[in-house]
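What the coordinates show
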Amino acid sequence: DHRVYFWGNNNHCQSGLGTALRGNSSAATATTVVANSSRDSLRIEKPVMINQLQNHNVIALACGSFFVLALTDQDEVLGWGHVESLGIGTAETVSQMSGDVILSYSQTKEQRMVVAVPTRIPELCGKGIVRLAAGQWHACAVSSAGQIWTWGLGQQGRLGHANTSSLLTPTIVQTLAPVRITEVCCGSFHTMALSACGTVYCWGDNTHGQCSLSGDNTHGQCSLSG
């Protein structure tokens, strides 16, 4: 029945249930803020259904440390949690989006901007996305045509764009543009992708040999693994 349930840490609104933490939330529309500001909302110890997704047939999920991504059968990708990891742009951009969008702050000393309810990621909707993957602070998507997008924090070169810059919106990995990618997965600070012909590519943090490559400890550009 495509229902989605959440449990675990909720200090960045990872639950997608909405929040009014510390009274600092602001709605971009007249959306009613759900949940309360008690510390009980920071940890959810048993599965709770995300009602905001009841009108979506979710077919895949990916969980980062502070955010969640969902793929629907209507060729849409939704996200909620830490703004800089979602691929929907800046907090200012999010505040100008139409629909029931709720911005707030994380219940942490850093007070990071978060999106409290499932929100469309415009750059990925209608792109034929079939795979999602999430690391600690970054994410990837793969389309049915074999293209791969990455976004989020870019330290250690984990996004695969030959630099360590962060990206607030999904960006095609140009090094792999000629290659048909079928699978992708993320570690905390590195990423791996599998091509249709069975070749494995890896980029990002290699401090502990995650990329199975010799030499530098980080690889910002996609490299053959193994």
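Just so it is clear, the model here is predicted, and its values are computed rather than measured. (Residues numbered from 1 in each chain as written. Predicted model: local features only at pLDDT ≥ 70, side-chain atom pairs only at ≥ 80, totals over all residues. Heavy atoms only, no water.)

1. Let's talk about the overall build of the protein chain
Scanning the protein chain for helices and strands turns up 2 helices and 16 strands. The long-range share in the protein chain, meaning contacts at least 24 apart out of those at least 6 apart in sequence, stands at 52%. Accessible surface computed for the protein chain: about 10,400 Å², of which carbon and sulfur atoms make up 47%. (Helix = DSSP H or I, 4+ residues; strand = E, 2+ residues; numbered from the N terminus. Contact = heavy atoms within 4.5 Å. Areas by Shrake-Rupley, 256 points an atom, 1.4 Å probe, with all protein chains shown as cover.)

2. What about the packing of aromatic side chains?
Each pair of aromatic rings is reported with the distance of its centres and the angle of its planes. One pass over the structure, following the stated rule, counts 1 aromatic pair. Both rings, one in F66 and one in W137, keep their centres 4.7 Å apart while their planes meet at 50°; by these two values the pair is tilted. With F66 in the loop between β4 (58-63) and β5 (67-72) and W137 in the loop between β9 (129-134) and β10 (138-143), this pair connects stretches of sequence that are 71 residues apart. In terms of burial, F66 and W137 fall into one category: buried. (Phe/Tyr/Trp six-rings, centres within 6.5 Å; stacked < 30°, edge-to-face > 60°. Buried < 20%, exposed > 50% of the residue type's maximum accessible area, 1.4 Å probe, protein only.)

3. Observations regarding the sheet that holds β9
Pairing is antiparallel across the open sheet formed by 4 strands, whose spatial order is β9-β10-β11-β12. Of all the strands in the sheet, the pair left with one neighbour each is β9 and β12 (167-172). Across the sheet, the axes of successive neighbouring strands diverge by a mean angle of 15°, strand direction being ignored. Relative to β10, β9 runs antiparallel, the two being bridged by 5 bridges. Residue pairing for β10: I129 is matched across the bridge by S143. (Pairing = 2+ DSSP bridges. Axes fitted to C-alpha atoms, helices over the stretch in contact; angles between N-to-C directions.)

4. A look at the environment of V94
Assignment of secondary structure puts V94 in helix α2 (residues 91-95). Through-space distance from the C-alpha of V94 to that of V114 is 9.9 Å; in sequence the pair is 20 residues apart. Setting aside anything within four residues of it in sequence, one finds V94 in contact with I88, V101, L103 and V115.

5. Some details on the pattern of salt bridges
Applying the stated criterion across every chain, the model contains 4 salt bridges. Note that E45 and R43 form a salt bridge whose closest N and O atoms lie 2.8 Å from each other. For the salt bridge of E183 with R131, the shortest nitrogen-to-oxygen distance reads 3.1 Å. Of this pair, E183 sits in strand β13 (residues 181-186) while R131 sits in strand β9, placing them 52 residues apart in sequence. Judged by its relative accessible area of 33%, R131 falls in the partly exposed class. (Salt bridge = Lys/Arg side-chain N within 4 Å of Asp/Glu carboxyl O.)

6. Some points on the environment of V142
Along the chain, the position of V142 falls in strand β10. Once the C-alpha coordinates of V142 and V184 are considered, the two residues, 42 residues apart in sequence, prove to be 7.3 Å apart. Setting aside anything within four residues of it in sequence, one finds V142 in contact with G128, I129, V130, R131, Q147, I148, I181 and V184.

7. Side note on the nonpolar core
Residues L69, L124, I129 and L132 are the most contacted members of the largest nonpolar core, which totals 22 residues. What L69 contacts, discounting residues up to four positions off in sequence, is A60, L61, A62, L78, G79, L86, I121, L132, A133, A139 and W151. (Core = buried A, V, L, I, M, F, W, Y, C linked by side-chain atoms within 4.5 Å.)

8. Observations concerning unusual backbone geometry
Positive phi, normally seen in glycine, also occurs at Q156, with a value near 65°. Look at Q156 and you get partly exposed, because its relative accessible area is 27%. One non-glycine residue with positive phi stands out, namely A162, at about 65°.

9. Considering the pairing of strand β8 (residues 113-120)
Among the 8 residues in β8, 6 count as buried, and that is most of the element. Here strand β6 (residues 77-82) pairs with β8 via 4 bridges, running antiparallel. Bridging from a neighbouring strand, H82 pairs with V114 of β8. Here strand β7 (residues 102-105) pairs with β8 via 3 bridges, running antiparallel. Looking across to β8, one finds that L103 is bridged to V115.

10. A closer look at the confidence of the model for the protein chain
Counting all residues, the mean pLDDT for the protein chain is 86, and 84% of those residues have values of 70 or more. For the stretch residues 20-38, pLDDT sits under 50, and the model shows 47 contacts to residues farther than four places along the chain or on other chains. (pLDDT = per-residue confidence, 0-100.)

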